[in-house]
Structures are given as structure tokens and as C-alpha cells.
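Summary of structural features
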Amino acid sequence: MKIGALKESHAGEARVAMTPESAKALQALGHLTLVETGAGLASGFTDNDYQVAGAQVLPSAQALCQAADLVVKVRPPSTDELALVSEGKTLICFFNPSENKSGLNHAARHKLAVISMDAVPRISRAQKMDALSSMANIAGYRAILEAATHFGRFFSGQITAAGKSAPAQVLVIGAGVAGLAAIGAATSLGARTRAFDVRPEVAEQIESMGAEFVYLDFAQNDGQDSAATGGYAAPSSPEFRAAQLAKFSQLAPEVDIVITTALIPGRAAPELWTAEMVAAMKRGSVIVDLAAERGGNCTLTRANETVISENGVTILGHTNLPSRMAAQASALYANNVRHMLADLTPNKDGVIAHNMDDDVIRGATVAYGGEITFPPPPPKVQAIASASKTAEADTAGGATPAVPAVSEAERQRRAGLRQIALLVAGGGLMAVLGLYAPREFLQHFVVFVLAVFVGFQVIWGVAHSLHTPLMSVTNAISGIIILGALLQMGADLPLVQILAAIAVAIATINVVGGFLVTRRMLQMFRKS
């Protein structure tokens, strides 16, 4: 299979969909790689770099589309570019299927297979192909650098012989991928960083990065489930929005830099920073609006323009921040595309196998076999957060009624009852054996039963996600200590009995505390 990378024709776009490094990786999958001349120059990759990597450089987009069986690019193709891709071929890019009806119709008419990198499902197995997250990570980081350029002051506090300066006050609105990248960059530069998100469960993640979470005086947001919206926020209720704007109005006079990242799929960006808030900010403050391409979160934002308000606040409306770090953005995007092609080439023999039963491939495919396949059906593998709320099953004869999810308290109560039943049954068995079995056998049998019981409680009965190698070894040692101490509790000396009881207590604290700490750490990285 010949895979070709087009030069981007969109004004100001510096990224490229294939780097010399990714070209080598694609060749290892059995593919031949082609690139349009000059495609990588804006990202720092010359035609000679591609030739050294084993790729063939072609003189024009038309020549590349004729020679390639599969075409990769970054931006959605223009009408002219789409017309160059022959019938039956495959196109991989940011296709924007929800707003590109004409492109989808063209692809269906000409039987093109189109894989949209902005439609990759957000499930664990697809993270390596999640190009939206890759680009958002760069956008958040770059937003802080742009803000620092226009701010004109230190981010960190400074104390010198000439005087002192306070640290910059940064507010990040939205703690998605871009927001978290902005938080990390701002805190690393020494700014006092605060962040807001409609999902209160991300507070710990924000605070773990050294920022302060901004809480609202509001009972609850709309109970929205970010997993159900692909990781994006859902529209808020009028009451929640009013509380949100009131809080931002309170913070406006305090902050020096505002980074806004709020987007809702298929809608214009919500207005979160009003003209009144801009007017309340200090002269020299900076707003970087990452939602500028969708209308902006700030009322005064103008796409691809730098606006300076009457009170001297700079509002940056850049719409392609990843392209301002073209080499890094190209490397990450090319890796996302390479991973997608690795899934499409399961045998590493250069033959594309477009498996529409695969959740990731099916979810990203927006046109195939002469049909529009967007939007895709829900993935067979549901997110943990949504799966924990309901339990529904489909059968051959139809869908079974929804089964209510069992609460954590109920599960613990049932587990406790089972343990009590097992202890009662075990105690009865030991009593019967004590009446008839020899004394020597009974001693060894008690040791065996204790070993099995302690081992089950300490190791086997624990969730697999908590079994790190260190935790497993630590608990195994603690289990041995507990078992040994239990055996010593039958000694004649009271001192030995006391020491054995202390050993059991300390080892139990070690086991239980270790699992509680590990579970808390895992919860910080769990999408809710």
C-alpha cells in the first residue's frame, strides 16, 4: 500500500501529517511512503530528510493523489483537494464530519473511505490515536507562552535589591486536556494559578498540579456525565450559568491572565467572559481564547485577531495554536496517524484491513463503501463511568429491561454477610473436627485454614487495579506477619500475646492503608 502525505493548503497551517520518523515506522508496517514536495518545510522537515528516511518525494498534489492508495493530511480537504482523491481510495485527516456535509456526500458518491481523526472514540484503547487531545495539549501549553509574551511581567514573584513583584494571577476556565496543559505550564513558571471546571470531580486533579480549584456556591451542576459526551462538557442550566458568571465577575479584578477553553461539540462556544468582566480587569492583563474558532468564550474575541480593549486588556483570538509549534505538533499528529494505520495493518504486511467491527476503526470511519457512516453507533466497550451507572444487555430476541446498579454500600453489606456466613460455617466445621480428629491433625489444619483465610483477604479479594508489584510484595510480607502473630497468640506468656496482638494491628494498618492510598491515587486519573 502506498501512503502519501499532502502539503497543507490552508493559510497559516504549518503542520504536516507525516514526518520522516513516522515514514520509517510506516515502512516497517510494509507500506511505501510518498510525500508532496515542500510538505514538511514549515515544520522544519526538508525533502531531503524524507528521502533519507526512504520516502519518495512527488512534485505536486495531483501526482501524489494519483500515485497513493491512501492519503493523509491535517486539515479538512478543500473541494479541489477532495476531487484529486480517486474513487475507492482512503483519506485520513481532521474531516470535521458534523459540519462537512458536502465532503461526506462527495466521499459517499465516489466510494472513498474517510477516517476522521477528530472522530476517534475516546476509549482507553484509542488514546494513542486521539489527535484532538494531542493538539489540545499543545494549544494549552502554547496559550501560556502567548500570554507571557503579551503580559510584560514576571510570572513568578521576584525579590531583588531594586524591589519586589508579586506572582502573576492566572485563571484557567476548563480543565480538559488543553486546560490541564495550561495549568501545568503556568504553575511551572511560578504563577499563582486557579482553575474552574463544570465537573467538580476534577478538583483533585487540578490541585495535584499545584493549582487552586474555583468552587461555586451552587448545590450541583446539572448532573452531567462527561463520559457520555466524549469528555466534553454538556450545556449548563440557566441557574448554573448565572452562578458561574457571578463567580467570574468576582474574580475578574484579581486575575492578570485568563485562559478560556470551553467548547461544546456541534455548538458555538459558550460566552463565559463578558465585556463587563474585561472592563473590570487590570490594565496590561491578557486573555487567550482557545475557543476563538467557534466564536470565542470572551465577548470581545475576534478570530485570528489581537484585540486591545479600552482599558488596555489584550484579547488573543488565535485559531491554530498547535501550528505555532509546528515541529512538535506534526510529530504528535503523525504518531496518531501512524497508530491508526498500525491498527489498519494488523499483519504488518502493507495490506489495509478496514475492519468495521473494530470499535476504534468504526468510530473514526465517517464514509465507507459508498455510504455515509457518521455518526457511528455507540462503542461496544463502554466507558467505566457510564457502565457503572446502569447495567443493560441486548439479547437476540430484544433488549432486556435495565437492571438498576447496586450501590457501593449495598455491595459492602452483602460482602459482609457472606463473610459472616463463611466464618460461622468454618467455626462449625472446626468444632466438629475438634470432637473427632487427632490433636496433631487439628493443629496443622488450623494453620492451613488461617493461611488460606489471610491470603484471600490480603491478596485474592482485592481489586486487580490495586495490585502494583510493590503493593503485592508488601502485602505478602504483611500477611506472613499477621499469620505468625496469630499463631503466637496462643502462647502461655502474656507478654508474647500482647506483642502478637500489636503485630497483627500494625500489619493490618499497613495492608488497609496501602490499598486506601493506592485507590485514592487511581481515582485521580479516572474519568468520571
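Here, every reference points to the structure presented above.
Every value quoted in this text rests on a predicted model; they were computed, and no experiment measured them.

1. What to know about the overall build of the protein
- Looking only at helices and strands, the protein features 17 helices and 21 strands.
- Counting over 528 residues, the protein shows a buried share of 41%.
- Partitioning the contacts of the protein with sequence separation of at least 6, the portion at a separation of at least 24 is 63%.

2. Observations regarding the pairing of strand β2 (residues 32-36)
- Taken across its five residues, β2 has four buried, putting it largely inside the fold.
- Relative to β2, strand β1 (residues 2-5) is paired through four bridges, and the arrangement is parallel. What sits directly across from Ile3, in β2, is Thr33.
- Pairing of β2 with strand β3 (residues 56-58) involves three bridges; the strand directions are parallel. Paired with Val35 across the strands is Val57, a residue of β3.

3. Things to note about the packing of aromatic side chains
- Scanning the model with the defined rule gives six aromatic pairs in all.
- For the pair Phe94 and Tyr333, a centre-to-centre distance of 5.2 Å together with 40 degrees between the ring planes defines the contact as tilted. On the criterion of sequence distance, the pair formed by Phe94 in the loop between β5 (90-93) and α5 (101-109) and Tyr333 in helix α11 (residues 326-344) is long-range, its members being 239 residues apart.
- Taking relative accessible area as the criterion, Phe94 reaches 11% and is therefore assigned buried.
- Taking relative accessible area as the criterion, Tyr333 reaches 1% and is therefore assigned buried.
- Ring geometry for Phe248 against Trp273: centres 5.9 Å apart, planes inclined by 40 degrees, an arrangement best described as tilted.

4. Observations concerning the sheet that holds β5
- Read from one edge of the open sheet, eight strands run β3-β2-β1-β4-β5-β6-β16-β17, paired in mixed fashion. Here the strands that pair on one side only, and so sit at the sheet edges, are β3 and β17 (371-372).
- Looking at chain direction, β5 and strand β6 (residues 113-116) are connected through four bridges and run parallel. Considered in β6, the bridge of Cys93 is made with Ser116.
- Across the sheet, α11 touches β1, β4 (70-72), β5 and β6, and the angle it forms with β5 is around 145 degrees.

5. Section: the packing of helix α6 (residues 131-151) against helix α7 (residues 177-188)
- Running from N to C, α6 and α7 point in directions that differ by 35 degrees, and their axes come no closer than 7 Å. The way α6 lies across α7 gives a crossing that is right-handed. In contact with Ser133, Ala136, Asn137, Gly140, Tyr141 and Ile144 of α6, α7 contributes Val177, Ala178, Ala181, Ala182, Ala185 and Ala186.
- Class assignment for the residues of the contact of α6 with α7 results in nine nonpolar, three polar and no charged.

6. Describing the sheet that holds strand β14 (residues 306-308)
- Within the open sheet, the seven strands sit side by side as β11-β10-β9-β12-β13-β15-β14. Their pairing is mixed. In this open sheet, the two strands that pair with only one neighbour each are β11 (212-213) and β14.
- Looking at chain direction, strand β10 (residues 192-196) and β11 are connected through two bridges and run parallel. Counterpart to Arg194 in the pairing with β11 is Glu212.

7. Thoughts on the nonpolar core
- Within the largest apolar cluster, 56 residues are counted, with the highest numbers of intra-cluster contacts made by Val72, Ile92, Tyr333, Met340 and Leu341.
- At six residues, the largest contribution of residues to this core is made by α11.
- Residues within four places of Tyr333 in sequence aside, it is in contact with Val16, Ala17, Lys73, Val74, Ile92, Cys93, Phe94, Met117, Ala131 and Met135.
- With 31 residues, the next largest nonpolar core counts Ala147, Val170, Leu180 and Val286 among its residues.

8. Looking at the side chain of Lys89
- Within the secondary structure, Lys89 is located in the loop between α4 (79-84) and β5.
- Of the side chains bearing the opposite charge, Asp69 lies closest to the buried Lys89, which forms no salt bridge; the N-O distance is 5.4 Å.
- Here the side chain of Lys89 touches Gln66 through a polar contact of 3.0 Å, landing on its backbone oxygen.
- For Lys89, the side chain forms a polar contact with the main-chain oxygen of Ala68, separated by 2.8 Å.
- Residues contacting Lys89, with those up to four places away along its chain left out, are Cys65, Gln66, Ala67, Ala68, Asp69, Lys111, Leu112 and Ala113.

9. Structural notes on the packing of helix α1 (residues 20-28) against α11
- Relative to each other, α1 and α11 sit at 5 degrees, their axes nearing to 10 Å. With respect to each other, α1 and α11 are oriented roughly parallel. In this structure, α1 uses Ser22, Ala25 and Leu26 to contact α11, whose residues at the interface are Ala334, Arg338 and Leu341.
- Residue classes in the contact of α1 with α11 are distributed as four nonpolar, one polar and one charged.

10. A few points about the environment of Ala83
- Its place among the elements puts Ala83 in helix α4.
- Sequence spacing of Ala83 and Cys65 is 18 residues, and the spatial spacing of their C-alpha atoms is 9.6 Å.

11. Focus: the environment of Gly152
- Note that Gly152 resides in the loop between α6 and β7 (158-160).
- Separated by 133 residues in the primary sequence, Gly152 and Ser285 have C-alpha atoms spaced 9.3 Å apart.

12. Re the pattern of salt bridges
- All chains considered together, the criterion is met by 15 salt bridges.
- The closest approach of N and O atoms between Arg125 and Asp358, which form a salt bridge, is 2.9 Å. Here Arg125 is found in the loop between β6 and α6, whereas its partner Asp358 is found in the loop between α11 and α12 (359-364), with 233 residues between them in sequence.
- Residue Arg125 is classed as partly exposed on the basis of its relative accessible area of 41%.
- Where salt bridges share partners, they join Glu13, Arg15, Arg75 and Glu293 into one cluster.

Reading guide: rules and limits
Every chain is numbered independently, its residues counted from 1 as its sequence is written. In view of the model being predicted, local features appear only for residues whose pLDDT reaches at least 70, and side-chain atom pairs are presented and counted only at 80 or more, with totals across whole chains, interfaces and linings using the full set of residues. By convention in this description, side-chain values take in all heavy atoms of the structure and omit both hydrogens and water. Under the DSSP-based scheme used, a helix requires at least four consecutive residues in state H or I and a strand at least two consecutive residues in state E, with every element numbered from the N terminus. Think of it in three bands: residues with accessible area under 20% of the maximum for their type are buried, residues over 50% are exposed, and the middle band is partly exposed, with areas taken using a 1.4 Å probe on protein chains only. By the convention used here, residues are in contact when the closest approach between their heavy atoms is within 4.5 Å. A pair of strands is treated as paired once DSSP finds two or more bridges between them. Any Phe, Tyr or Trp ring, taking Trp's six-membered ring, that has another such ring centre within 6.5 Å forms a pair; planes under 30 degrees apart are called stacked, those over 60 apart edge-to-face, and the others tilted. Each axis is a line fitted through C-alpha atoms, taken for helices only over the stretch in contact, and angles between the N-to-C directions span 0 to 180 degrees. By definition, turning the near helix anticlockwise from the far helix through less than a right angle yields a left-handed crossing, and turning it clockwise yields a right-handed one. Residues are grouped as follows: Ala, Val, Leu, Ile, Met, Phe, Trp, Tyr, Cys and Pro are nonpolar; Asp, Glu, Lys and Arg are charged; all remaining types, including Gly, are polar. For the purposes of this section, nonpolar cores are sets of buried Ala, Val, Leu, Ile, Met, Phe, Trp, Tyr and Cys residues that join through side-chain atoms within 4.5 Å. Counted charges follow a simple rule, with Lys and Arg positive, Asp and Glu negative, and His plus the chain ends left uncounted. Definition used for salt bridges: Asp or Glu carboxyl oxygen within 4 Å of a side-chain nitrogen of Lys or Arg. Polar contacts here mean pairs of N or O atoms no more than 3.5 Å apart (in protein, one a potential hydrogen donor and the other a potential acceptor; neighbouring residues in sequence count only if both atoms are side-chain atoms). In what follows, roughly perpendicular refers to angles from 65 to 115 degrees, roughly parallel to angles under 35, roughly antiparallel to angles over 145, and oblique to any angle outside these ranges.

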